[in-house]
Every structure is written in structure tokens, then in C-alpha cells.
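Next come the chains, spelled out residue by residue.
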Amino acid sequence: EITRRRFLGTAATLGAGAAATPAVASPPVHPPGWTGTARVEKIATTCEMCFWRCGVLASVSGGKVVRVEGNPDHPQSQGRLCARGNAGTGLLYDPDRLKTPLLRTGARGEGRFKPVGWDEALDFLAGRLVKLREEHGPESVAFFPHGNGARFFATLMRAYGTPNSAEPSFAQCRGPREVGYSLTFGQGLGSPEPVDLEEARLVVLIGSHLGENVFTSQITAFATGLARGAKLIAVDPRFSTAASKADWWLPIRPGTDIALLLAWMNVLIAEGLYDSEYIKTYAAGFDRLAGHVREFTPEWAEPITEIPAGKIRETARAMGKAKPAVAVHPGRHVTWYGDDTQRARAMAILTALLGSWGRKGGLFLPTPISRGSFDLPDFPDSKRGRADGAGTRFPLAVEELGVTNGLIDATLSGDPYPIKAWIVYGQNMLESIPQPARTIEAIGKLDLMVVVDVLPVDQIRYADLVLPEATYLERYDPPTIVESAKRPFIAVRSPACEPLFESKPGWWIAKELAKRLKLEAFFPWETPEQHLETILAPTGIGVRELVSRGAVVFPGKPYLEDRPPVERSFDTASGKIELYSEALAKIGADPLPRYTPPVEPPRGFLRLIYGRAPVHSFARTQNNEALSALMPENEVWLHVSVARDWGVTGGQRIVLENAEGVKSSAVRVKVTEGIRTDCAYLVHGFGQRSRALRRAFGRGASDNSLMSRVSVDPLTGGTGMRVNFVRAAKA
Ligand code: MGD
Ligand code: MGD
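Residues numbered from 1 in each chain as written. Chains lettered and ligands numbered in written order. Predicted model: local features only at pLDDT ≥ 70, side-chain atom pairs only at ≥ 80, totals over all residues. Heavy atoms only, no water.

Asks: Outline helix H14 (residues 340-353), supporting the account with residue identities and numerical values.
Replies: With 14 residues, H14 ought to run about 20 Å at 1.5 Å a step, and its terminal C-alpha atoms sit 20 Å apart, in line with that. Within H14, 14 of the 14 residues are buried, leaving the element largely enclosed by the surrounding structure. Remark: Gly355 follows H14 within two positions and exhibits a positive phi of approximately 65°. (Helix = DSSP H or I, 4+ residues; strand = E, 2+ residues; numbered from the N terminus. Expected span 1.5 Å × (residues − 1). Buried < 20%, exposed > 50% of the residue type's maximum accessible area, 1.4 Å probe, protein only.)

Put into C-alpha cells, the structure is as follows:
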């Protein structure tokens, strides 16, 4: 059988051969699909080294994946992969991988297990789930998923009857942003966020450290925009990579961004620089906004933000001049200070004033793709509501992603009902949810803790049962359907090789459990190809076509002007962009954003801030051979004057201690002018505590371990994490 890719390869080879007679001896010509004497097949699939879902071609020879590279036919990554994507085989062949199901034999936390077969593991789990449902109700089981593969488990958990499911991508990441933009524009942003960086005349980054935060297509669009002459404003207390490319670096006092945003609005309105036509056509509440920001002048903001009023005015004018092609990046990890929904609202309102929503060079609009669905039995009604506080304690928390910390609170308190079991899939709870000591305390209350993972991360020490999933290169997952792209697309994840060891794909584990729980009717397909076929049905694209190409693209309507006037309304109560939010007023929250001062560091302490390094993802890649070679550990960034005061020098290892006395592992100091004097900076994901991760163990310091405090956003439950303070611990 010849796939389209191989056919094109053959045609190209034949064409090249016919066109030219080489003057020098040509290298040996291999038939397409062969390298030397080895037959190499290229399998198109989707990366999972982070959550951006780039297209991958995996070269497979003799059943082994010998290389991964970008799939040029993939609309998002267009043949490019970042360092992490290129290092995918390092995860597949990581000798420390989880290899068999494990049942705990020692005490929780000791990390002593016995390997068991899948039948024993799944019978054990199904038995416990049946018992929990009988004794405490299905809602006593909480699910903590993350990643594309989790969707089969999500179906299983809903079928089992629990409403309690929460991903860190909401309360530890982009939840407040989704809510802030939905309140304003009637829809959130989703992932990838639709920022038209390549067409922008001016890019505004509030945090959003693009360049260290690496999503391949986003970075490409950013670089393209800058190369085409876009100006850049980078607001960051640290001289980030983006700041180094910026026309204006505004080293803001941490936690004061809302003041800056209000002052920018003040200038845009006072000087008539906003897009008045756009606001008249599409927005409601302008007069109230104008009245609200009148007092928030740049001079008011200067002592708060420590940005000179002149710079605030100058940058506001630059925005006014470049509008509507101003890409105010909405941010992604936004759970900073607990006022994050209001900061997102302020960013959304600024975007509206510039007329940039739905406009070229601003934020573009998603285009829906139809997809097939399954004829499933009704999911059980969750009679006792959610335990994570969504909709009650946190009135604007969304149901689908849930509030991780809300479930941890409920596990500790038993309120509103007991949570007795956790099933953790693809989530690294001790590294991605602040206050890890509380998480461990909550685990202590459980009857059952199950972890489905690929690596022996620290949390497995606390598990009763560990299930080794096959990595993304060894399995099918539900297809990736991306509507928030200029040209929306569907992409496939299909296996490049057989699962190694005793690992199994998530779809298989979920389906086998469903059989044991008599929930098979929720999985009305035999193979993942059949599952894919149903989802693809309305698109007219066949499974074989998608599998051979990797991704299929559809036409998009990214800008308002591409749409007829009837399609230009907004899914808010008024049908308009809501500058003033009646929805917030109704629940007693500020209908217009207001600046609230952040908690200040105690004397002698610095604010702990954190971010990404281009070659690592979260806490999931530090054990990867190639990536660990590129960056084996993180460093703590200290300003030169702080280093002098603390009496430390660059390269020296120190232990950090937070205001509650929690200490980090030893971390090297980086002395730099590129950070404010009131902050210390760490790249997230290091300082891992699992000895079973032989490369990652003890390298650098964990930001999460130093997060003893959070400032919880009352609207969404998002955990503001930049409210922790550190100093050098005494030797
Ligand atoms: P931020 O928190 O906005 O995260 O990345 P972003 O969404 O960019 O940005 C961190 C920056 O905020 C740092 O430079 C820090 O100095 C600055 N900062 C700290 N405090 C303040 C403040 O008070 N105000 C302002 N204006 N700036 C401040 C996260 C994103 O990265 C996410 S959510 C994901 S899912 C991806 N993860 C990821 C990864 O793990 N690895 C790599 N290489 N890339 C990634 N990209 C994505
Ligand atoms: P990871 O560390 O990548 O982060 O939160 P997480 O998704 O929890 O953990 C992923 C886990 O899934 C790891 O244990 C990994 O081994 C496992 N895994 C990897 N691939 C697979 C797979 O194919 N199948 C299964 N079953 N498991 C797999 C990310 C979250 O963290 C996000 S999105 C953000 S933006 C926040 N960032 C952040 C931060 O910067 N600092 C701190 N302190 N906390 C943070 N929390 C948030």
C-alpha cells in the first residue's frame, strides 16, 4: 500500500532524477522509505511533550522509533518542532519509565510496591470503585486528569457518576483568563490562543514570556511579526527573552498590572485614541468605563507600578497609533495574585478599546468544525453537586475543567461530602498545585489513590495503585480538533510503535475498566480507529486519509470582516462586547476592573516569581536524556545588588527558604541586572523529589515546594501563586 506521503516522495525522487544529470558522483539513492539497508516508515502523529499539539513524523525502523521531526503538512507547526518535541524518543525510551502496574506494599509515601499483571490491577481498581460507589456514592471519587489522552477516562468517570473532575489548566493556569474574556466578549480563547502575532503592528506582552514560553507556531508567528516590523511592549519585572527584543521594556512592580492597564485606558480615552467606530458598533458600557478610568491617570499609576508616567503615556499612544492591529496577548498562565479574573477583564477591555478583537493583527476568531458523536446512554445525574466549589464558592468557575484546589479542600474538610478516592491521570499534583504539603495531607485522608502516568514522579509514592500508560508515540488518542486557528484543523495521534514493557494505552485501560464496571455501553467501539471514524463522519474525511496525512485543514473565517453582520454578535447578555459587566455586578463583584495592592514581601524576603525555559515542559521533561543534557538544573535569578547584600556569588549553590520556613533543595545562583531588586526567579519544574527519576532527582529547586501560600481568586478559584516570598536559608 502506498500512502500519499510516500507517493509524493516517489514522485519527487523521480522528478529530481529526470531533471538533472549530476556532474559529480551522486550519493547512493535509496528507494523511498529506505535509509541505507533499513526500511524506514514515517508515521504521522501529534506531539504531547507539551500541550500545543504540533504535528510529528516519527521515523520507524524495525519497530523502533529512530527519529521524530515536524510534519510539514501540519497547519500549526508546519514542519517545525521545538527542542522538547524533537526529544520525544527520550521519553519513549526513558529507562526510568513505569513498566508494569504496581500495587502498594509499604506505607503511603514509602514508595514500596509489587508489580502485578493488568488483570489483577484492573480487578482491584474496579472492585474498589464498586465498593466506594455503594458506601459513599460515586461523587466520593475525584478525578484529576490532564492532557489529550484523558478524555477516555473522563467518559468513564462521568459514566461512573462522579461530577468531580479537575485539571490544573483551569485553577493553576488559564481559568481566570477564560472567564474574564468570556464576560467581556461572550467567549473564551481556548488553546491555542488566537493571537494574530504575525499580522500585528504592535504586540503587548503582560508577563507572557514568549521565547522562554515556547509554543512552536506561536513563536514563529511572533518572530514573523517582529521581522515584519511590529513593535513590542514587554511588561515584566524580569528582563525576559521577549523584553530583550522589545521596543519598550516596562519592569513593572509585580502585582500592579491592573493599575498599568487602567492608566493605558485612561490615556486612550482621554486622548481620543481608542477605536470609537468599533466601540459604537460592537460595545456596551463605554460611558461607565470612561467615568471609571478618568481618575486613573499615568501619574496615579506611576508610584504604584514604578513605571514613569511618561512611559505609560508613550506606550498608550503607540497602541492608539497601531490600532486595530495591536495584539494584546491575553496570557496563558494567569493565576498570579488572586485578582486574575479582573486583570483578564482589564486586558480584554483594552483589546476592545483598540478594536482588536476579531481584527487582523489583534485576536482572531475561531471557526467551528462539525464532528460526529456517539449514541451513548444518559450519563447519571450527579445528585449531590460538585465538591470543588464551582458555581458555589467560586461563582464563575467552569464545570468542564473544575477546580483542583477545591477538590483538595473538600477532601480535607469532608465538605460538602466526603471525597474518598483520587484518580490522577497525566497530572503531576505535587509539582503543579501549590501548597504541596496540603495535597499530601489530603492524600492521607483517602481510601484509594490511583496514578496513571508514564514516569515514576514523586506522587506515585503515595499511590495505592500505579498504572503505566503507553507514551503518546505508542498509542491512539482522541483526535485533536482545533477551531481556534486561522485555518481550523483536525489532527490524529496514532501509534508509531507498539507499547513498550507492560504499558497500555489510556483508551484500552478505560475500556477494560468500563467492562468490569458494566459501563461498556459508554464505549460503543471496538478499536480506536472505529472511534475516530465516528468522530470524522460529518467531515467526509476517512480514517486512512487522516492517519496518512496527520492533519486535515478546513477554511477559516478568522476576522469579523469575513463574516456577515448577523454573525458579528457576541454571546453576552447584551449581544455586545460588555465593557461594563452586568454579570459581575449581579454577583456583587466589581463590574469594572479595579486595582488592589498585592501582599508585600516581609522584610528581608523577595517575591518568588517563576516561568519556563525553552527546552523543558513543566515538571515532565527533566528526566529526558537530551533535554537534561541541554539544561540539567534551574538557577535562582538574583539582582546584583541583592546578591551583594546576601553575600552570594554567581554559580554558588544556596538553599532558599520561604516565609513559612520551608526550604528548597540547593540551587545555583544567577546574578543579573535583568531582574528587579524585589524578586527572585526560578524556572518551574526542577528540584524533583523522586529518586526513581535518576536524571532529574534533586537537580535545582522546585518553585512549587516553596509555594506555601496562595491568594485564591474569589470568582474562579484560581490559585494566585506569586504571593510567596523567599530568602537565602542560613547554611
Ligand atoms: P506567565 O506567567 O505569563 O506565563 O507561560 P506564560 O503564559 O508566558 O509569564 C512568566 C513571566 O511573568 C516571567 O517572565 C515573569 O518574570 C513574569 N512576571 C512575574 N510576575 C509578574 C507580574 O506581576 N507582572 C508581569 N507583567 N509579569 C510578571 C506559561 C505557558 O507556557 C503555559 S500556561 C503553558 S501550558 C506552556 N508551558 C510551557 C512549558 O512548560 N515549557 C515551555 N518551554 N514553554 C511553555 N509554554 C507555555
Ligand atoms: P506536568 O508537570 O507536565 O504538569 O500541570 P501538569 O500537567 O500536572 O505533569 C504531567 C504529568 O503527566 C507528569 O507526571 C508526567 O509524567 C505525566 N505524563 C506525561 N505524559 C503522559 C501521558 O502520555 N500519559 C499519562 N497518563 N501521563 C503522562 C501543568 C500545569 O501546572 C499548568 S498547565 C500550568 S500553566 C501551571 N504551571 C505551574 C508553574 O509554573 N509553577 C507551579 N508551581 N505550578 C504550576 N502549575 C500548573
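Text resumes after the structure shown.
Asks: Can you lay out the site of ligand 1 for me, pointing to particular residues and giving the numbers?
Replies: Neighbouring ligand 1 are 31 residues, the closest being Asp236, Asp257, Tyr337, His616 and Arg722. The separation between an oxygen atom of ligand 1 and a polar main-chain atom of Ser208 is 2.7 Å. Take Gly255: an N or O atom from its main chain is 2.9 Å from an oxygen atom of ligand 1. For ligand 1, whose accessible area on its own is 920 Å², the fraction buried by protein is 99%. Of the residues belonging to the shell around ligand 1, the class tally is 15 nonpolar, eight polar and eight charged. (Near = heavy atom within 4 Å. Polar contact = N/O pair within 3.5 Å; in protein donor to acceptor, adjacent residues only side chain to side chain. Areas by Shrake-Rupley, 256 points an atom, 1.4 Å probe, with all protein chains shown as cover. Nonpolar A, V, L, I, M, F, W, Y, C, P; charged D, E, K, R; others polar.)

Asks: Residue-level account of the environment of Thr45, with values.
Replies: Within the secondary structure layout, Thr45 lies in strand S3 (residues 41-46). Thr45 gets classed as buried once you look at its relative accessible area, which sits at 1%. Taking the C-alpha atoms as reference points, Thr45 and Leu546, separated by 501 residues in sequence, lie 9.8 Å from one another. The residues touching Thr45, leaving out its near neighbours within four places in the chain, are Cys54, Gly55, Val56, Leu473, Val492, Arg493 and Ser494. (Contact = heavy atoms within 4.5 Å.)

Asks: Describe in detail the site of ligand 2, supporting the description with residues and values.
Replies: Around ligand 2 sit 29 residues, and of these His146, Asn428, Ser432, Asp453 and Arg620 come closest. Taking Glu469, its side chain carries an N or O atom lying 2.8 Å from a nitrogen atom of ligand 2. Put simply, the parts of the chain that give the shell around ligand 2 at least two residues each are helix H6 (168-185), helix H16 (429-432) and strand S15 (448-453). Among the elements that make up the shell around ligand 2, the one with the highest residue count is H6 (three residues). Counted by class, the shell around ligand 2 contains 13 nonpolar, nine polar and seven charged residues.

Asks: Please give an account of the environment of Pro632 that cites residues and values.
Replies: In this fold, Pro632 is placed in the loop between helix H22 (625-630) and strand S22 (635-639). Here Pro632 falls in the partly exposed class, since its relative accessible area comes to 30%. Considered as a pair, Pro632 and Pro75 are 557 residues apart in the sequence and their alpha carbons are 32 Å apart. With sequence-adjacent residues up to four places away left out, Pro632 is seen in contact with Phe686 and Arg699.

Asks: Help me get a handle on the packing of helix H9 (residues 257-270) against H14, residues and values and all.
Replies: The interhelical angle for the contact between H9 and H14, taken along N-to-C directions, is 20°, at an axis separation of 9 Å. The angle between H9 and H14 places the two elements in the roughly parallel class. Between H9 and H14 the crossing geometry is left-handed. Taken together, the residues of H14 that come into contact with H9 (itself represented by Asp257, Ile258, Leu261, Trp264, Met265, Leu268 and Ile269) are Gln342, Arg343, Ala346, Met347, Ile349, Leu350 and Leu353. In terms of residue class, the contact of H9 with H14 is made up of eleven nonpolar, one polar and two charged. (Axes fitted to C-alpha atoms, helices over the stretch in contact; angles between N-to-C directions. Parallel < 35°, antiparallel > 145°, perpendicular 65-115°, else oblique. Left-handed = near helix turned anticlockwise from the far one by under 90°.)

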